[in-house]
Amino acid sequence: MRATIRCGLMLAFAAMFIGISLPVAAQESPYFVTYSHHLEQPGNLDVEFNPVIGTQRGGNNYLAGTTEFEYGVRAWWTTEFYLDSQSTFGDSTLFAGFRWENRFRPLMREHWINPVLYVEYENLGGADKAMIEVVGFDNESDFAPRNSELRGETKHELETKLILSSDFKGWNISENFIAEKNLSGEPWEFGYAAGASRPFRLEATPRPCNFCRENFLAGIEFYGGLGTAKNFTTSGTSHYAAPILGWQLPSGVTLRVSPGFGLNQNSHRLVLRWGISYEIAGFGRRLRRLFR
Amino acid sequence: MSRLLLPASLLLISLIAVTGAARQQAVAERHVHPELAQVPAETRDRKNPYEGQADAVLAGGKLYRQHCAECHGNDARGMGRAVNLRSRAVQDATPGELAWILRNGNLAAGMPSWSGLPEQRRWQIVSYIKSLR
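Residues numbered from 1 in each chain as written. Chains lettered and ligands numbered in written order. Predicted model: local features only at pLDDT ≥ 70, side-chain atom pairs only at ≥ 80, totals over all residues.

Undergrad: Got a sec to walk through the overall build of chain A? Specific residues and values, please.
TA: Tallying secondary structure elements over chain A gives three helices and 12 strands in all. Taking 19 Å as the expected radius of gyration for a compact globule of 292 residues, we find that chain A reaches 19 Å, a close match to that expectation. Dimensions along the principal axes, computed over C-alpha positions, put chain A at roughly 55 × 45 × 35 Å. Within chain A, the fraction of its 292 residues that count as buried is 43%. Here the analysis covers contacts within chain A between residues at least 6 apart in sequence; of these, 63% occur between residues at least 24 apart. (Helix = DSSP H or I, 4+ residues; strand = E, 2+ residues; numbered from the N terminus. Rg over C-alpha atoms; globule rule 2.2 N^0.38 Å. Buried ≥ 20, exposed ≤ 12 C-beta atoms within 10 Å, placed from the backbone. Contact = placed C-beta atoms within 7 Å.)

So, in structure tokens, the structure goes:
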């Protein structure tokens, strides 16, 4: 596990070292949980830090987060590596595990609805609280025990998603269907995420600007669990609605914030997410040059 | 009159030959960018709503530097697999064809789809590309 952290830190430093002067504005979607069909540009590396504060009934509030390295392998294939960590107030701080995901666009053209196939391997401790998806009967009470109890559990999971996404008159509308399998043999768990977003202004202004409306996006996303293969249901699990605000700076930095509100008693009352990401253009090309 | 007939005929034949050769060259260059041939007929003739607007060229230039220059170069002459946007094939393409390619990309050849940019911004980029002629 230490090697994984070291590897992540080295990647982050390499990214900063190689790409610090090579910013590029990407077509980032503002979502935290939902995926759209827009993949990373080939050869670009997007480094993201997405913290989340969650309120907790029957336990301590927490600060969790993911550090993400998203790389465009091909125009139709994006790979992403996550490091999860969390700090529970009045308890402890710990590294919660890692994830490695791949997204593929099977169709080479734009359609009304654009599918993307998503496959992820997760190696996460029971104390992971980043909650970048909700599946099965995920519940607020799962996070209530102390870290010392939660950290003993390690989950090896395979997560798949069918991402459907459309762009229409400046809007992006995306729906994700999630199926997750604990490789130790538990039944498949299901979940959903859906989002809609739009820039404040569709046209670009002639001059570079940081505060003009074209750089801001707003949207909303909904996500929650759908039970398991044995009990497919929307009850007994948690559901959230989360408005989002994004600000894409021409320098390649994107800032986002999203307060998520629990929609039933199984959900955290508030899940406040924010994120900063930095797009490094031509990362792959420059990395290859280092080894030539 | 009959004296003028021969030179006039020769001039006409030369004109036809030159025009034909130019068209053949254009067809050959279009073949260099086969993606252009894939553009559906109904989108090929779409007009750029920003045509002739100087502000659209400026805005398109700004967007070009943000999104496209990394691959196509600051001078738009192309780098590696990225196409030279000042080439005849690109400059002869209709605005509708360029807008279609921006929206769909050419995923197999490494060009991403830019459908995440609003349509208005894609047209502004088309205005800029056309201004490079």
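Undergrad: Help me get a handle on the interface of chain B and chain A, residues and values and all.
TA: Counting residues at the interface gives 25 residues for chain B, matched by 25 residues for chain A. For the side of chain B that touches chain A, the elements supplying multiple residues, two or more each, are helix H3 (54-67), helix H6 (95-104) and helix H7 (119-130) of chain B. Counting residues per element, the side of chain B that touches chain A draws most heavily on H3(B), which supplies seven residues. Taken together, the residues of the side of chain B that touches chain A break down into 10 nonpolar, 10 polar and five charged. (Nonpolar A, V, L, I, M, F, W, Y, C, P; charged D, E, K, R; others polar.)

Undergrad: Could you give an account of the packing of H6(B) against H7(B), naming the residues involved and the relevant values?
TA: All names here are of chain B. Remark: H6 packs on H7, axes separated minimally by 9 Å, with the N-to-C direction vectors making an angle of 125°. The angle between H6 and H7 falls in the class oblique. In the crossing of H6 with H7, the sense of the turn from one axis to the other is right-handed. Here H6 contributes Pro95, Leu98, Ala99, Leu102 and Arg103 to the contact with H7, which in turn contributes Arg122, Trp123, Ile125, Val126, Ile129 and Lys130. Split into classes, the residues belonging to the contact of H6 with H7 amount to eight nonpolar, no polar and three charged. (Axes fitted to C-alpha atoms, helices over the stretch in contact; angles between N-to-C directions. Parallel < 35°, antiparallel > 145°, perpendicular 65-115°, else oblique. Left-handed = near helix turned anticlockwise from the far one by under 90°.)

Undergrad: For the confidence of the model for chain B, give the residues involved together with the corresponding values.
TA: All names here are of chain B. Residues of chain B with pLDDT of at least 70 account for 75%, and the chain-wide mean is 83. When mean pLDDT is compared element by element in chain B, H7 scores highest at 97, while helix H1 (residues 2-32) scores lowest at 50. Here residues 17-32 is modelled with pLDDT under 50, and outside its nearest four sequence neighbours on either side it reaches nine contacts, counting other chains as well. Model confidence for the complex: the whole-complex pTM is 0.86, and ipTM, which rates the interface, is 0.87. (pLDDT = per-residue confidence, 0-100.)

Undergrad: Kindly report on the sheet that holds strand S11 (residues 253-262) of chain A, identifying the contributing residues and their values.
TA: Pairing within the closed barrel is antiparallel, and its 12 strands lie in the order S1-S2-S3-S4-S5-S6-S7-S8-S9-S10-S11-S12 (chain A). Neighbour-to-neighbour, the strand axes of the sheet open up by a mean angle of 20°, direction not taken into account. (Pairing = 2+ DSSP bridges.)

Undergrad: Mind laying out H3(B), listing which residues take part and the relevant values?
TA: Residues and elements named next belong to chain B. Between its first and last C-alpha atoms H3 spans 20 Å; for 14 residues at 1.5 Å apiece the expected length is 20 Å, and the two agree. Most of H3 sits inside the fold, with 10 of its 14 residues counted as buried. Inspection of H3 places Ala56, Val57, Ala59, Gly60, Gly61, Lys62, Leu63, Tyr64, Gln66 and His67 among the buried residues, and these make up the whole buried set. (Expected span 1.5 Å × (residues − 1).)

Undergrad: Help me get a handle on the environment of Arg74(A), residues and values and all.
TA: When you line up the elements, Arg74(A) lands in strand S2 (residues 62-74). For Arg74(A) and Gln41(A), which are 33 residues apart along the polypeptide, the C-alpha to C-alpha distance reads 7.6 Å.

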